[in-house]
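Overview (structure and organization)
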There are 4 protein chains.
Amino acid sequence: MSHAIATKVLEPSHRTGEVFEQYESNVRTYCRTFPKVFARGEGSYLFDRDGERWLDFLSGAGSLNYGHNHPVLKQALLEYIQGDGIVNSLDLHTTAKEEFLLALNEVVLHPRGLEYRAQFCGPTGTDAVEAALKLARKVTKRRNIVAFTNSYHGMSAGSMTISSSLTRLSREPYFDPGLVTFVPFDGFTGCDNEIGFVRRLLTGEGSGTPPPAAFILELVQCEGGVNVPSVEWVRQIVDLAAELKAVLIIDEIQTGCGRTGKFFCFEHYGIIPQMVCVSKSISAYGSPMSILLIDPALDQWERAEHTGTFRGFTFSHLTGAKALRHFWSGSDFISSLAANGDQLGVGLSSLKNEFSGHIRDTRQLGMLSGIKLLNASLTKDVQRNCFELGLIIESVGPQRDTLKLLPPLTISSEDLAAGLSILRDALRQSIRSQQNL
Amino acid sequence: MSHAIATKVLEPSHRTGEVFEQYESNVRTYCRTFPKVFARGEGSYLFDRDGERWLDFLSGAGSLNYGHNHPVLKQALLEYIQGDGIVNSLDLHTTAKEEFLLALNEVVLHPRGLEYRAQFCGPTGTDAVEAALKLARKVTKRRNIVAFTNSYHGMSAGSMTISSSLTRLSREPYFDPGLVTFVPFDGFTGCDNEIGFVRRLLTGEGSGTPPPAAFILELVQCEGGVNVPSVEWVRQIVDLAAELKAVLIIDEIQTGCGRTGKFFCFEHYGIIPQMVCVSKSISAYGSPMSILLIDPALDQWERAEHTGTFRGFTFSHLTGAKALRHFWSGSDFISSLAANGDQLGVGLSSLKNEFSGHIRDTRQLGMLSGIKLLNASLTKDVQRNCFELGLIIESVGPQRDTLKLLPPLTISSEDLAAGLSILRDALRQSIRSQQNL
Amino acid sequence: MSHAIATKVLEPSHRTGEVFEQYESNVRTYCRTFPKVFARGEGSYLFDRDGERWLDFLSGAGSLNYGHNHPVLKQALLEYIQGDGIVNSLDLHTTAKEEFLLALNEVVLHPRGLEYRAQFCGPTGTDAVEAALKLARKVTKRRNIVAFTNSYHGMSAGSMTISSSLTRLSREPYFDPGLVTFVPFDGFTGCDNEIGFVRRLLTGEGSGTPPPAAFILELVQCEGGVNVPSVEWVRQIVDLAAELKAVLIIDEIQTGCGRTGKFFCFEHYGIIPQMVCVSKSISAYGSPMSILLIDPALDQWERAEHTGTFRGFTFSHLTGAKALRHFWSGSDFISSLAANGDQLGVGLSSLKNEFSGHIRDTRQLGMLSGIKLLNASLTKDVQRNCFELGLIIESVGPQRDTLKLLPPLTISSEDLAAGLSILRDALRQSIRSQQNL
Amino acid sequence: MSHAIATKVLEPSHRTGEVFEQYESNVRTYCRTFPKVFARGEGSYLFDRDGERWLDFLSGAGSLNYGHNHPVLKQALLEYIQGDGIVNSLDLHTTAKEEFLLALNEVVLHPRGLEYRAQFCGPTGTDAVEAALKLARKVTKRRNIVAFTNSYHGMSAGSMTISSSLTRLSREPYFDPGLVTFVPFDGFTGCDNEIGFVRRLLTGEGSGTPPPAAFILELVQCEGGVNVPSVEWVRQIVDLAAELKAVLIIDEIQTGCGRTGKFFCFEHYGIIPQMVCVSKSISAYGSPMSILLIDPALDQWERAEHTGTFRGFTFSHLTGAKALRHFWSGSDFISSLAANGDQLGVGLSSLKNEFSGHIRDTRQLGMLSGIKLLNASLTKDVQRNCFELGLIIESVGPQRDTLKLLPPLTISSEDLAAGLSILRDALRQSIRSQQNL
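Summary of the structure given here. What you see is a predicted model, and the numbers here were worked out from it, not measured in a lab.

What counts and how
- Residues numbered from 1 in each chain as written.
- Chains lettered and ligands numbered in written order.
- Predicted model: local features only at pLDDT ≥ 70, side-chain atom pairs only at ≥ 80, totals over all residues.
- Heavy atoms only, no water.
- Helix = DSSP H or I, 4+ residues; strand = E, 2+ residues; numbered from the N terminus.
- Rg over C-alpha atoms; globule rule 2.2 N^0.38 Å.
- Buried < 20%, exposed > 50% of the residue type's maximum accessible area, 1.4 Å probe, protein only.
- Least-squares fit on C-alpha atoms with pLDDT ≥ 70 in both.
- Contact = heavy atoms within 4.5 Å.
- Expected span 1.5 Å × (residues − 1).
- Polar contact = N/O pair within 3.5 Å; in protein donor to acceptor, adjacent residues only side chain to side chain.
- Pairing = 2+ DSSP bridges.
- Salt bridge = Lys/Arg side-chain N within 4 Å of Asp/Glu carboxyl O.

1. Examining the overall build of chain A
Along the backbone of chain A there are 15 helices and 16 strands. Scaling as 2.2 N^0.38, a compact globule of 437 residues should have a C-alpha radius of gyration of about 22 Å, and chain A matches this with 22 Å. Counting only C-alpha atoms and orienting by the principal axes, one finds that chain A spans roughly 65 × 60 × 50 Å. Here chain A holds 437 residues, and the buried ones make up 68% of them.

2. Remarks on the relation of the copies chain A and chain B
Each copy of the sequence occupies a distinct position, and chain A is placed on chain B by a rotation of 180° and an axial shift of 0.0 Å, giving an RMSD of 0.0 Å. Those values place the two copies in the arrangement expected of a two-fold rotation axis. Within chain A, alanine 157 of chain A has its C-alpha nearest the rotation axis, a separation of 2.7 Å. A shared binding surface is used by both copies, with 100% of the interface residues of chain A retained as interface residues in chain B.

3. Overview of helix H14 (residues 376-389) of chain B
Residue and element names in this part refer to chain B. For H14, built from 14 residues, the straight-helix expectation of 20 Å at 1.5 Å per residue is met to within 8% by its first-to-last C-alpha distance of 20 Å. Among the residues of H14, those classed as buried are Leu378, Thr379, Asp381, Val382, Gln383, Asn385, Cys386 and Phe387. For H14, the capping residue at the N-terminal end is asparagine 375, with a side-chain oxygen 3.2 Å from the backbone nitrogen of serine 377.

4. Some thoughts on the pairing of strand S13 (residues 368-373) of chain C
Regular strands show a simple pattern: their side chains alternate between the two faces of the sheet. Residue and element names in this part refer to chain C. Of all six residues making up S13, six are buried, and the element is well covered by its neighbours. On S13, burial covers both faces: Leu368, Gly370 and Lys372 on one face and Ser369, Ile371 and Leu373 on the other are all buried. As judged from the six bridges shared by strand S12 (residues 359-365) and S13, these two strands associate in the antiparallel manner. Within S13, the position partnered with arginine 363 by the bridge is glycine 370. Where S12 folds back on S13, the antiparallel hairpin that results is connected by two residues, among which glycine 366 adopts a positive phi of roughly 60°. With four bridges connecting them, S13 and strand S16 (residues 402-405) associate as antiparallel partners. What sits directly across from isoleucine 371, in S16, is leucine 403.

5. Section: the pattern of salt bridges
Residue and element names in this part refer to chain A. Using the criterion set out here, one finds 92 salt bridges over all chains in the structure. A salt bridge links aspartate 381 to arginine 384; the shortest N-O distance between them is 2.7 Å. Here aspartate 381 pairs with arginine 384, and both are found in helix H14 (residues 376-389), just three residues apart, close to one helical turn. Judged by relative accessible area, arginine 384 falls into the partly exposed class, the value being 44%. One continuous salt-bridge network, built from bridges that share partners, spans Glu223, Glu394, Arg400 and Lys404.

Right under this line is the structure:
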């Protein structure tokens, strides 16, 4: 083949990203921060095509809670594919989906006293959010949605309207703003009696706020800067939603599937949402999947009222069910999660002590944690140094000044220690070089 | 385990759907028409858990153009999984994505003289549409979108605004209508000089139509009833978009990847869109994937301006690339496609002759075809009879009176004949039983 | 008084517009075309402060159908003011409003077999339109409004959404587009079977048009270019509205009060609207007034659901009632209207004959007429020449190429002839000077 | 005339409201509270058709600040009409408008160091608001508007979006919500540091609030319950608007023209708005008029970009100018205003003392005052008793529990005392009868 471009394929080791710059859209982002061509994953490690490896504290933005290519899931998937299991079934009944529904109910919902119908959505988190908004509006016959400051729920048009952290939304007059009321997340205003303020804004006669169809809340705001609210605040918000007869939608896309130490983050708060958006690690192996859990009384969908081609992708059902049974049937995994969370907590404290002048704050709930640094440039520099030292880690928050740590839930104690150690070294380097400027 | 539900698992053969009724949302639809629990797929056949088989003329709503579990793709996927290939990479560079980009450019775009940047979207067709709308509005600094009657582009909020076939949109006052101008698709009004009307409506002084950011067009409307427009009409619409400096977005989600006899349906019409939405069979194996192809001059995205967790699902990149090289490198597959299309055409003609009183119309472009029957109840009955005789086939159109035939592109001549034969038998049965009423 | 500005007041004859340029907003428009300072009006004539006079074919944009300061109305008004009649009563009962309601019902509605409730609106035409849209949406529980190409209904936000002739609406992304479907007015597309096209767009399954709350139609489009539709077209539109169970709103703001030869323009078309917007000449003396006539079955307003301070301005009620009784009780006025209309028609024909190369078209219904010239620059020039020769006349239409003639309905035969004669001279001059270029 | 309805006219004294019930829309409201047919007005008194009189503390909802039919204005108007002054001039230059512009600048603006362009709007307050919103959006190229809780700015679609006191807006899904951010008016939440909340909500990163085109504020909320904010709060809000580069629009429709003791209410707060909406008493005689005062730098209107037929109603210009020169040229009127305000204040205190158990609060700024009673039923009863005792007085506020006192600014000391005395008697009666229940 004489084609010029084809020739390039012959020398892969000499390129990192040329093909992408030429052929992929400018919209790409992570690859600019971590500019290698990755090939393999094993447990807590990512490998690039030259065999170099990194500890992965990004975990596919929360979609790889059980690490890369867990052998139990891998084996199940290989067998399924070998046996010509059906791959995409739309919303036909399949053995894989049946097993997922059973595992979800037997392992997760029933033991927690929860009862939900599962809607399989187009396999992206944002589609579960779109479905929730639509259904809440249909059921309540209202349009307004109460969402929170620094929220992020997705990039499709409906989810974008309720994502206050998308400041570009503000800049662009090209999108419909939707009907949404943003209220302060716990601590946003820095004022006393924040909840009193919110309550008046939402319930006061003459407030101008139309009765909401729903409240949508990500209990720990991940993109928004790893913000962990108090139990008291959450309960007051939940009470407010109930008082207003608004549907309570909890977005567990990133916080769910054990990330915060319990299967659902809402378990920490002693609340029972009417709808729960679940995605990312629910498939357990990194493959696309998204479900909306619906209080049966609100499952007022008509047939086909919200559809999507890939909602019947069985690989995700299969590995998802397998993971539920493997990790969540007994109490061992939760215990190991708690131990990992404790180790992470100790590590964060230690970092905070050592770098008290450069770390503003650390936040943690289970294996979800954030380190808010002095500013965005330091954060960016620490990220870069981590990457050079073998650790992949993300930054979030309105000022992009917060490192978000999402280690695999299954990480070994040694690897967790190693990751924290790299982070310590990177912080030292970055602070030193900033001081030398 | 004494759990009541768990017990049920032990007797799978006695149930068809009980688990789904109890645990899955009412929104489900296909499973009501084809009420079996499916387990395996091989080529053109689907098998339920009891081993019964059906010829599959639904093909995962167009996501399984190459049939079920094609051995070449299957082998590649198994090796990739065995080798612990990275599964979800967000938008990191991966070897799998690199190979996909190279295959896309070498096999599909360059030989056709096309130059596009690929944006990997949240892996649902609707997300490629959302991205296209957003980018077209950003680039043109306009908001209005021209879409067509009986259009369907997806269920997320942005796509829903431009999907005129979603009549429920009309019924519900709970969603933002967006800023969209629906114009008649070729033949919709039944009036002469339809294009003259459209032209005046869009360009006439005082028409009230804001200058559009984009035209979005599915060249053969699939959900809308398998409507095939004339070349002349399409070219006039394309000229109109150009005259109005509107971005031309072609939705190839269902029509692309060879379904109409060419890789892109737009090749039939001698046009070059500025954006192309591709999904469904682009992954080739039934796994989720969605890309937006963008004229490089319009690739004005800022980094991270449209994101999504599963846009880096490598299984789809891997099998997608493999399929492009395997099927589309030479001319054999296109020839076989043409032969299949011819056989299908002959079959449709024959059916039309035999059932001239009950078939209003047949439509076909390549391996995408529709049979418009006398009414919805006949159509439903034929579907049911087909299913009993071993053929799965969908109905579409505003009146749900059109059978949509989506056989695998790789179907053997014998299987295609068998499918058409079942259809003939089902028609006979249905007509007879209707006459007996 | 030493104030610099005050001094200017002493020399009024030396200024034409200086005060306005300094103190009034740039938004002003008519005064740029007719740059004099006007002081008095008598019958068909306007006088500037220096005593120069003009025949007035503008008639306050249709608000002065009975000419300036008609002695009968003037006398009634003087007496009312002398007697300290209440001026603004909000929506309190007043003797003036009572008399208006009685006159309206006795003189106009009952003799025509019409039954309406009158809603007194904020005294601008646009407020009657706002009220109509609001009530139609409330009553039907729908949001979409069907409006027409080249429509104009006002400048407040609601009216603006349905005014397709406001091309600036299209250019500005700063306003909510509302939910409106614009369909072609009679003849807009120039295509055959326009009504068939509209019917399909509004009723066809899959058209994407939400069921409309209302159709709003100005029967003769005034700002839109004096477009007179056929009886057949109007009836088909009205039937279509009925079929769709949409409220039929007729905007008679400019066409009503005798302008087209009958009290309501809709009388020409043999239709009975469910809501009628009336303003401009309903007060008869040039003072602000606006009412919405409502089919009693649709008068589903709650108390105070649409209000406004000046809806109780009694001067307008008083002179309005007086005019109804004076002009419309017998048949003399209608006869004189017919005679005037005939004379105007003959005049237009004669002009069309003489200037066949420069007049594209003349349109007329009663005393509402338009002369569409070759282009906007000729039109502007004719306007200017008319003004110099003593005639005030407006231009309208999407290309501003149409002279709109609104002589007082009460104009004498001599004055009408004089006006037409000036118009002839102005046309001659303008054409000559254009030919000399 | 034998017409049945006509007969009724002959016996007016036997009817109060029958004609209105039959012929006027259900939307009417004041006439239900004050069910007489009114005929005349003189100074502070209204007379019904039987000659019974009432002290008028409603003053045409603030449109009759100088009382009814003030002899100076009446004389000027009679002369103007006698002399056939032009009545409606659209936006042509007229002597009456010229004189109004001169008076406005010489008497009001220049002495206060203010410089504004006047835009003559459709003669309703809401149209000045519509114009302000439109222009602010055009100038800033932004869409969001910051408005306040319990705000009221009018009933047309644009004004309605920013009127939080219209709770029916919340109940109806049929209107576009627009893009508006409601923030608490001074004291609304009852929380400490309310301004700190507002500041964070509007400026905090991730707040989700798009940069506003404008803040619109009625300094003393009239419909909202006669809420008088602190100087400190107002200045902080104004600073916030400046910081956000948002246009500051002050709605002086009801508070202006001396109602609060100064010509503009904003003079109390030491601020200079960029746009000021003025209507109601600007015409001085009760006739419709509305202007938008615009900072010359923001007067970026194109010709005809906001129009309306009755913006050239000269009666209002004439009496408006006359009133400015008569009342506002020297300092006598302001002194008398102050004296009246003092007397009113003493009266309010006295009432509050006497009825401390039933009056929650009194509010006052100049001649604008409110008495917040225990509940709506008491308020309604007091209104009814006042009416029977000869005083017309309105109720406002989100709970309709606040009596709003708008005596004429020109009221004599005796009449003011008489009005307060009636109010005292009515309170006594109402409280007594409530206690007897």
